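Listed below, chain by chain, are the residues.
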Amino acid sequence: MAEQTAYLSDQNGANYHSLVIDDLQAETLYAYRVGHGEYWSAWAHFRTATNEESPLSFIYFGDAQNDIKSLWSRTIRGAYQQMPKADFLLHAGDLVNRRNRDHEWGEWYEAGGWIYQMMPSIATPGNHEYGKDQNDNYVLSKHWKPTFTLPENGPPGLEETTYYIDYQGTRIISLDSPAFRRSSKDSAIIVDWLRDVLISNTQKWTILTMHYPIYSTKFGRDNVELRHAVQPLLEQHGVDLVLTGHDHTYGRGTNLPIGNGKKVSLDGPIYVVSVSGPKMYDLGLDAWMQRGASNTQLYQLIHIDQDLLRFEAFTVDNKLYDAFEISKKNGKRKFSDLAPPGVPERLELPSRYKEGFSEEELAEYRLRFQKYKERKKAKGN
Ligand SMILES: [Fe+2]
């Protein structure tokens, strides 16, 4: 029998159910349905993971957040068309805009529909899943824990928001970055936990997701404290990829200059910021970025097969916008930039910025844009 959680939302009451089935066989197709008495859902299929290292693929989304039913639905459905056999979906926070609005979660369910019944969701909370309660405490959305059944291997008090999953040779780590910002006590707990989880890691590949980026893409934003606390651990322990959101733009890069098309050695992770919903900001175009996009909804497909990790970003009309590969042999990593050469970078300001900017702000943006282009040219990007 499933565990039942009674829940009173801003609209009505409902019972949420969850069930952990722990005696499944590896690499096996199962069918399940939910319901009781005369009322049953359709049968849905899922396949369990293998016990050893084997190829895996997943879909990564930046913030969905706004107009989820009308405009985010095409992102998740387009992603499903491209990768219908993905092992799971990964949501990098701000799934909704107002954390306790039941109708926004309703839109999130409608957008993904039956995809969620067959493909697990790994989610990390964003600042929009947090807010102040009546006692002025910064707390998680009431929907989060009844909605998801995520691992409870995080530090006490941060179960289901800070956790890790080992899947077919890859460790996926979720850090609750709004909790990191909440207090120095929470930051210290999260960093200590992360260190332990990286030290004990025996998986070949390591991917970290959290909502706030290590390097921001949005102009004027910089998560200095988070970067100073977390980045040394990521570099020291060979994390391969950091998947984030929050900045409503796209950017990927690293702390090293990387030449386009050439295979180069990689010391640190590749950092990615992306956005899957329609809310758009302006790009900061900082030095760490090797490819960016503004005003563009995207989804990302990640495939891992033995020594190779391939990353692809697609626009919602299912066109390849960005790609790269990381190869790993004897602990040494190489990076190849595979951004499609015929696809120019989309660096236009979103229209509300163009309309709202003063002449000085526009001139500043043009200069930023020009410097970014010059910098990339000089680096061979
Ligand atoms: Fe955010």
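Our structure's up above, just so we're on the same page.
All of the points below concern the structure found in this document. (Residues numbered from 1 in each chain as written. Predicted model: local features only at pLDDT ≥ 70, side-chain atom pairs only at ≥ 80, totals over all residues. Heavy atoms only, no water.)

Quick look at a positive patch on the surface now. A grouping of Lys 263, Lys 329, Lys 332 and Lys 334 is seen on the molecular surface, where their side chains present a positively charged patch. In this structure, Lys 334 sits in strand 23 (residues 332-337). Classification of Lys 334 as partly exposed rests on a relative accessible area of 37%. (Patch = residues over 30% accessible without salt bridge, like charges linked within 9 Å, V, L, I, M, F, W, Y side chains within 5 Å. Areas by Shrake-Rupley, 256 points an atom, 1.4 Å probe, with all protein chains shown as cover. Salt bridge = Lys/Arg side-chain N within 4 Å of Asp/Glu carboxyl O. Lys, Arg positive; Asp, Glu negative; His and termini not counted. Charge placed at Lys NZ, Arg CZ, Asp CG, Glu CD. Helix = DSSP H or I, 4+ residues; strand = E, 2+ residues; numbered from the N terminus. Buried < 20%, exposed > 50% of the residue type's maximum accessible area, 1.4 Å probe, protein only.)

Before going further, it helps to spend a moment on the side chain of Asp 186. Mapped onto the elements of the fold, Asp 186 is located in helix 6 (residues 184-199). Under the relative-accessibility criterion, Asp 186 is labelled buried at 12%. In this structure the side chain of Asp 186 is engaged in a polar contact, spanning 2.9 Å, whose partner is the side chain of Arg 182. (Polar contact = N/O pair within 3.5 Å; in protein donor to acceptor, adjacent residues only side chain to side chain.)

Let us now look at the environment of Asn 137. As for its position among the elements, Asn 137 is in the loop between strand 10 (130-132) and strand 11 (138-140). The spatial distance from the C-alpha of Asn 137 to the C-alpha of Phe 324 is 42 Å, given a sequence separation of 187 residues. Contacts of Asn 137, omitting those with residues within four sequence positions, involve Gly 131 and Lys 132. (Contact = heavy atoms within 4.5 Å.)

Here we come to the environment of Leu 349. Tracing the sequence through the fold places Leu 349 in the loop between strand 23 and helix 8 (351-356). Judged by its relative accessible area of 6%, Leu 349 falls in the buried class. Between the alpha carbons of Leu 349 and Met 1 there is a distance of 52 Å; along the sequence they are 348 residues apart. Setting aside residues up to four positions removed in sequence, Leu 349 forms contacts with Asp 282, Asn 295, Lys 354, Phe 357, Leu 362 and Tyr 365.

What follows is about the sheet that holds strand 16 (residues 250-253). Sheet strands pair by backbone hydrogen bonding; their relative direction is either parallel or antiparallel. Ordered in space as 12-13-14-15-18-16-19, the 7 strands form an open sheet in which the pairing is mixed. Both outer strands of the open sheet, strand 12 (163-167) and strand 19 (289-293), are each paired with one neighbouring strand and no more. Shown here is a sheet whose adjacent strand axes are inclined to one another by a mean of 15°, direction ignored. Here strand 16 runs beside strand 19; their pairing, made up of 4 bridges, is antiparallel. Paired with Tyr 250 across the bridge in strand 19 is Ala 293. (Pairing = 2+ DSSP bridges. Axes fitted to C-alpha atoms, helices over the stretch in contact; angles between N-to-C directions.)

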